[in-house]
Structure formats: C-alpha cells, structure tokens
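Listed here are the chains, written in short residue letters.
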Amino acid sequence: MTDQDHVARIQAEWRIERPDVDTSPQAVIGRLHRIGAHLTGELTLLYSRFGLTEGEFDVLAALRRAGAPYERAPGEIAVHTMVTTGAVSKRVDRLESAGLVVRHRSAADGRGRVVRLTAAGRRLIDRAFAAHMDNEKRLLGVLRPDEAARLEEILATWLARIEGTAQ
C-alpha cells in the first residue's frame, strides 16, 4: 500500500468502507484535482514574482492578446478571462492603481468605456508571459512529448464534450 499515490489510498479505504460504491471515477477526477491544485500553486508563485495575482495576470494577458492598441471593453475582458464583469472591475481597479492599465471612453461608442494597457503594463505582461510559458514548459516537462500530445488530445476531446462544442 505504500507504493500507492494519495488517490489510490483513498480509493482503497473506500473499497473497504463502501464496497457497494464504484470509486473508479476518483482515479481520474481525484488526480486531475490534485494536479490542478499543484499547477495553480506553481503558476501563482510565478505571477507573484511579477507583483501580480492570477486574475491580474489574466486581465493583462487578455488585453495584450487583443493586439494594438491593447484594449478591450470590460465585458470583452470578462469573456476572455471567464470571470464576471464585477470581478474584472476589481482587477482593473488594482491594475489601474499600479499604472498598468487606464480606462477611457470608447472611440467607437462615446458612452462605453474601454481598458487599455499602458506601456508599463505591456512591458510587464510581455516579461511575465514569457516566464509563464517557460514555467508551463517546465511543469509539462515531466511527461515525454508523446505523452503530452496524447494528454492534450484527450483533454481537448473531454473539454469539448463537457462544453458542448464537440463536433
């Protein structure tokens, strides 16, 4: 039993206590959950080295991906970061205070507001994103390239089916 990982030990205990319940889904879900927690810890540690939270990194990255002039409306940022506009507003407030973004009226729609990266924000996200990709490469490096490719395919298929985008 000492060669088992954490999830296998939990499953073994459940097989004794509740042999009538199939715990096989835990083999995948439990491990994904543990991997996700580990990855989140590693990613947020990197973001903090740049003075950012995960959410702030996400907002800066969404603006940078928009291309010049590196701006989006708050609703667009919410879509591109998968958070609510309220959460975006709080993140933008902190980023604006740090001089990394500015809010201004939309040129296309004088009533609307947009958020734009400042030059300092662009420099920061460019450095942070390069470090982020190096970090993700390091984290994925425990797998062989063929294993990573298979995992990517399986996860893409699973996600598409869950989100209803499978063809």
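Our structure's up above, just so we're on the same page.
Residues numbered from 1 in each chain as written. Predicted model: local features only at pLDDT ≥ 70, side-chain atom pairs only at ≥ 80, totals over all residues. Heavy atoms only, no water.

Engineer: I tried to follow unusual backbone geometry on my own but got confused; where do I start?
Structural biologist: Peptide bonds are trans in most cases, and residues, glycine excluded, mostly fall at negative phi. Cis geometry marks the peptide bond from Ala68 to Pro69; its omega dihedral reads 10 degrees. In this structure, Tyr70 is a non-glycine residue whose phi angle is positive, near 60 degrees. For Tyr70, the location among the structural elements is in the loop between α3 (54–65) and β1 (71–72). (Helix = DSSP H or I, 4+ residues; strand = E, 2+ residues; numbered from the N terminus.)

Engineer: Please clarify how the packing of α3 against helix α5 (residues 85–97) should be interpreted in this entry.
Structural biologist: The geometry of a pair of packed helices is captured by two quantities: the angle between their axes and the separation between those axes. The interhelical angle for the contact between α3 and α5, taken along N-to-C directions, is 85 degrees, at an axis separation of 10 Å. Comparing the axis directions of α3 and α5 gives the class roughly perpendicular. Contact residues: α3 offers Gly55, Glu56, Val59 and Leu60, while α5 offers Arg91, Val92, Arg94 and Leu95. Here the residues of the contact of α3 with α5 sort into 4 nonpolar, 1 polar and 3 charged. (Axes fitted to C-alpha atoms, helices over the stretch in contact; angles between N-to-C directions. Parallel < 35°, antiparallel > 145°, perpendicular 65-115°, else oblique. Contact = heavy atoms within 4.5 Å. Nonpolar A, V, L, I, M, F, W, Y, C, P; charged D, E, K, R; others polar.)

Engineer: Looking at this structure, how should I read the environment of Thr85?
Structural biologist: Mapped onto the elements, Thr85 comes out in helix α5. On the accessibility criterion, Thr85 (46% relative accessible area) is partly exposed. In the structure, Thr85 is positioned 11 residues away from Pro74 in sequence and 6.2 Å away in space, judged by C-alpha atoms. With residues near it in sequence (within four places) discarded, Thr85 still touches Pro74, Gly75 and Ala78. (Buried < 20%, exposed > 50% of the residue type's maximum accessible area, 1.4 Å probe, protein only.)

Engineer: Can you help me understand the sheet that holds strand β3 (residues 113–117) in this one?
Structural biologist: What holds strands together in a sheet is hydrogen bonding between their backbones, with the strands either parallel or antiparallel. Spatial strand order, β1-β3-β2: 3 strands in an open sheet with antiparallel pairing. Each end of this open sheet is capped by a strand with a single partner; those strands are β1 and β2 (101–105). (Pairing = 2+ DSSP bridges.)

Engineer: Can you walk me through a nonpolar patch on the surface in this structure?
Structural biologist: Among the surface-exposed residues, Val28, Ile29, Leu32, Leu140, Val142, Leu143, Leu151, Leu155, Trp158 and Ile162 lie close enough to one another that they form a single nonpolar patch of about 870 Å² accessible area. Counting only elements with at least two residues in the nonpolar patch, the list comes to α2 (24–49) and α7 (145–163). Summarising the element assignment, Leu32 is placed in helix α2. Residue classification places Leu32 among the partly exposed residues on the basis of a relative accessible area of 35%. (Patch = residues over 30% accessible without salt bridge, like charges linked within 9 Å, V, L, I, M, F, W, Y side chains within 5 Å. Areas by Shrake-Rupley, 256 points an atom, 1.4 Å probe, with all protein chains shown as cover. Salt bridge = Lys/Arg side-chain N within 4 Å of Asp/Glu carboxyl O.)

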